[in-house]
Amino acid sequence: MCLLLQSFVLMILCFHSASMCPKGCLCSHSGGLNVTCSNANLKEIPRDIPPETVLLNLDSNQITTIPNEIFKDLHQLKVLNLSKNGIEFIDEHSFKGVVETLQTLDLSDNQISSVHKHAFSGLKARARIANNPWHCDCTLQQALRSMASNHETPSKVICKTSVLAEHAGRAFLTNANDADLCNLLKKTTDYAMLVTMFGWFTMVISYVVYYVRQNQEDARRHLEYLKSLPSRPKKPEEADDISTVV
């Protein structure tokens, strides 16, 4: 009777898990609920993933975006595989709700070129981010530095493009002496502001000089005009008065 009851409960659990499994995915129990949606021609992440999911495979699909907070209810998720998709950008809240529980995150073989500077903040998982067309700049530098020390080594992050031309095609941040791109950006901004201010200052000085010279030229012309005017002839009565006085 006990065996029959246990079998009945197990059948109910299996049926319940199968009924909750997202369309095109396979669900199984092995140390928790495993949801496998590999090669399922998915164009977006399913929104009906069971909240008790521990392992989620979404690799080898056509997913291009990770909506913010899409995983926020998966509080038991430990393994997330998003490799071999067409993901282009990682936003600040893409992994909200799972940053504390994730142990493995696979984002390799996508089309990711940039991320939000806080995209990986608090993430403790071992992250795989190789084979993406990374644009190496200050934001990426900040994002990588915010990750836990056990993430994939930066030598696997190859810069397809970079704010520094010499970094293109090279591994990003392979040693501690690499340029601080954020400091470089600040210096570039300061230089641009200095050049702009100098330009405005030059324009103001040029205008003042032009204004003074123009006034001097107008004053000179006016003086020459006054000098060129004929003297006023004396009236006859004025001459008689002078003779009488003498």
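Just so you know, these numbers come straight off a predicted model, no measurement behind them. Chains are numbered independently. Their residues run from 1 in the order of the written sequence. For a predicted model such as this one, the threshold for reporting local features is a pLDDT of at least 70, and the threshold for listing and counting side-chain atom pairs is 80 or more; totals across whole chains, interfaces and linings nevertheless cover every residue. Side-chain measures here rest on the full set of heavy atoms in the structure, leaving out hydrogens and waters.

Caption draft 1: Up close: the pattern of salt bridges. Salt bridge, as used here: a side-chain nitrogen of Lys or Arg that lies within 4 Å of a carboxyl oxygen of Asp or Glu. Under the criterion given, the structure shown has 3 salt bridges. The closest approach of N and O atoms between lysine 96 and glutamate 69, which form a salt bridge, is 3.5 Å. Of the two residues, lysine 96 sits in the loop between strand 5 (89-90) and strand 6 (104-106) while glutamate 69 sits in the loop between strand 3 (53-57) and strand 4 (79-81), which places them 27 residues apart along the sequence. With a shortest N-O distance of 3.1 Å, lysine 124 and glutamate 100 are connected by a salt bridge. Linking lysine 124 in the loop between strand 7 (114-115) and strand 8 (126-128) with glutamate 100 in the loop between strand 5 and strand 6, this pair joins segments that are 24 residues apart in sequence. Per-residue accessibility, obtained with a 1.4 Å probe over protein chains only, is compared with the maximum for each type, and a residue is labelled buried under 20%, exposed over 50%, and partly exposed between these values. On the basis of relative accessibility, which here comes to 52%, the residue glutamate 100 falls in the exposed class. Helix and strand definitions follow DSSP, with helices as H or I runs of at least four residues and strands as E runs of at least two, each counted in order from the N terminus.

Caption draft 2: Fine view of the environment of phenylalanine 71. Secondary-structure assignment places phenylalanine 71 in the loop between strand 3 and strand 4. What makes phenylalanine 71 buried here is its relative accessible area of 0%. When near neighbours in sequence (up to four residues on either side) are disregarded, phenylalanine 71 contacts Ile45, Leu56, Ile66, Leu80, Leu82, Ser94, Phe95, Lys96 and Val98. Contacts: residue pairs with any heavy atoms within 4.5 Å of one another.

Caption draft 3: Highlighting the state of the cysteines. When two cysteine sulfur atoms lie within 2.5 Å, the pair is treated as a disulfide. Taken as a whole, this structure holds 4 disulfides when the rule is applied. Across a sulfur-sulfur distance of 2.0 Å, cysteine 25 and cysteine 37 are joined as a disulfide pair. Judged by the sign of its S-S torsion, about 110°, the cystine formed by cysteine 25 and cysteine 37 is right-handed. Within this pair, whereas cysteine 25 is found in the loop between helix 1 (2-20) and strand 1 (26-29), its partner cysteine 37 is found in the loop between strand 2 (33-36) and strand 3, the two being separated by 12 residues in sequence. Cysteine 25 gets classed as buried once you look at its relative accessible area, which sits at 10%. Residue classification places cysteine 37 among the buried residues on the basis of a relative accessible area of 0%. The disulfide partner of cysteine 138 is cysteine 182, and the S-S distance across this bridge is 2.0 Å.

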